[in-house]
Amino acid sequence: MKILAFQGSPRFGGNTDLLLSAFLREAEAAGAEVRRYDLYRMNFQGCIECGGCDRTGECVLEDDLAPVYAEILSARVIVLASPIFFYNITAQTQALVERSQALWVRKYVLKNLPEGERYGIFLSLGATKGKKLFEGVQRVVRYFFDAVGVRYEGGLFYRGVEKRGAIREHPTALAEAEALGRAIARGEPPEKWPLTRDPAP
């Protein structure tokens, strides 16, 4: 089981970082091959809509994201972790989403993405307690996962988490992330993963 994770918070050691770390720690301990990228430690930008990938499915931008495409294509499970900023994913996470255009071309135009069951998971939290806090971003995340050839399974979502390290005080969050990591690494089927399922079409 190869798990590829993207950490999209600029606050290292913060809540998103801690949540993803709990998930990955248990997944690796249970036997998964884990690869993690901290997006705010990488030098890359969003899509510039140049059309360079239209015929090849290869992004022409030469930056820190360039070698990551191969990782995306070889991963069995892709995890996207981002806090909510103004009811959206962070800017660097959005840049990653935009750069999936090249893989969208490979899937829908060139039709040469890898075959097989591959899965996407979203880990997210926000300071506010709005009922619809995660609705809009899940649609973005769903289309990102579709573009890179994985099926969005759902995620773990936590409201009212703001102060650095506050996720440690949440009664269930870290334990739920750990349980999810173990379940995936042990090869349990996706329908048994302890996730909040996305009801949106």
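Structure: see above.
What you see is a predicted model; the values in this text were computed from it and never measured.

## Regarding helix α6 (residues 173-185)
Consideration 1: For α6, spanning 13 residues, the distance from its first C-alpha to its last is 19 Å, which sits close to the expected 18 Å at 1.5 Å a residue.
Consideration 2: All of the buried residues along α6 are Ala173, Ala177, Leu180, Gly181, Ala183, Ile184 and Ala185.
Consideration 3: If you follow the buried residues of α6, they end up packed against β1 (2-7), α1 (15-29), β3 (77-83), β4 (119-125) and β5 (151-158).
Consideration 4: Glycine 187 occupies a position one or two residues after α6 and carries a positive phi of about 85°.

## Thoughts on the packing of aromatic side chains
Consideration 1: As enumerated under the stated definition, the model contains 7 aromatic pairs in all.
Consideration 2: The interplanar angle of 20° and the centroid separation of 6.0 Å between the aromatic rings of phenylalanine 6 and tyrosine 37 together place this pair among those described as stacked. Of this pair, phenylalanine 6 sits in strand β1 while tyrosine 37 sits in strand β2 (residues 33-38), placing them 31 residues apart in sequence.
Consideration 3: A residue is classified by how much of its surface remains accessible, and phenylalanine 6, at 0% relative accessible area, is buried.
Consideration 4: Geometrically, the ring pair formed by phenylalanine 144 and phenylalanine 145 is tilted, given 5.3 Å between the ring centres and 50° between the ring planes.
Consideration 5: The buried category is assigned to phenylalanine 144, whose relative accessible area is 2%.
Consideration 6: In this structure phenylalanine 145 comes out as buried when scored by relative accessible area, which is 0%.

## Thoughts on the side chain of arginine 118
Consideration 1: Relative to the assigned elements, arginine 118 resides in the loop between α4 (101-110) and β4.
Consideration 2: Buried and unpaired, arginine 118 has glutamate 71 as its nearest opposite-charge partner, separated by 9.6 Å.
Consideration 3: Ignoring anything within four residues of it in the chain, the contact list for arginine 118 reads Ile72, Leu73, Ser74, Ala75, Arg76, Ile78, Val148, Gly149, Val150 and Arg151.

## Considering unusual backbone geometry
Consideration 1: Positive phi values are uncommon outside glycine, yet phenylalanine 86 reaches one of about 50°.
Consideration 2: Along the polypeptide, phenylalanine 86 turns up in the loop between β3 and α3 (91-98).
Consideration 3: Positioned with a positive phi, lysine 111 is a non-glycine residue whose angle comes to about 55°.
Consideration 4: Tracing the chain through its elements places lysine 111 in the loop between α4 and β4.
Consideration 5: The exposure class of lysine 111 is exposed, given its relative accessible area of 63%.

## Describing the sheet that holds β4
Consideration 1: Pairing is parallel across the open sheet formed by 5 strands, whose spatial order is β2-β1-β3-β4-β5. Each edge of the sheet is formed by a strand with only one pairing partner; in this case those strands are β2 and β5. Taken pair by pair, the neighbouring strands of this sheet meet at an average axis angle of 15°, ignoring direction.
Consideration 2: As paired elements, β1 and β2 share 6 bridges and run parallel to each other. Bridging across to β2, alanine 5 finds its partner in arginine 36.

## Comments concerning a nonpolar patch on the surface
Consideration 1: A grouping of Trp104, Tyr108, Val109 and Leu110 is seen on the molecular surface, where their side chains present a nonpolar patch of about 340 Å² in accessible area.
Consideration 2: For tyrosine 108, the position within the fold is in helix α4.

Rules used throughout
- Residues numbered from 1 in each chain as written.
- Predicted model: local features only at pLDDT ≥ 70, side-chain atom pairs only at ≥ 80, totals over all residues.
- Heavy atoms only, no water.
- Helix = DSSP H or I, 4+ residues; strand = E, 2+ residues; numbered from the N terminus.
- Expected span 1.5 Å × (residues − 1).
- Buried < 20%, exposed > 50% of the residue type's maximum accessible area, 1.4 Å probe, protein only.
- Contact = heavy atoms within 4.5 Å.
- Phe/Tyr/Trp six-rings, centres within 6.5 Å; stacked < 30°, edge-to-face > 60°.
- Lys, Arg positive; Asp, Glu negative; His and termini not counted.
- Salt bridge = Lys/Arg side-chain N within 4 Å of Asp/Glu carboxyl O.
- Pairing = 2+ DSSP bridges.
- Axes fitted to C-alpha atoms, helices over the stretch in contact; angles between N-to-C directions.
- Patch = residues over 30% accessible without salt bridge, like charges linked within 9 Å, V, L, I, M, F, W, Y side chains within 5 Å.
- Areas by Shrake-Rupley, 256 points an atom, 1.4 Å probe, with all protein chains shown as cover.

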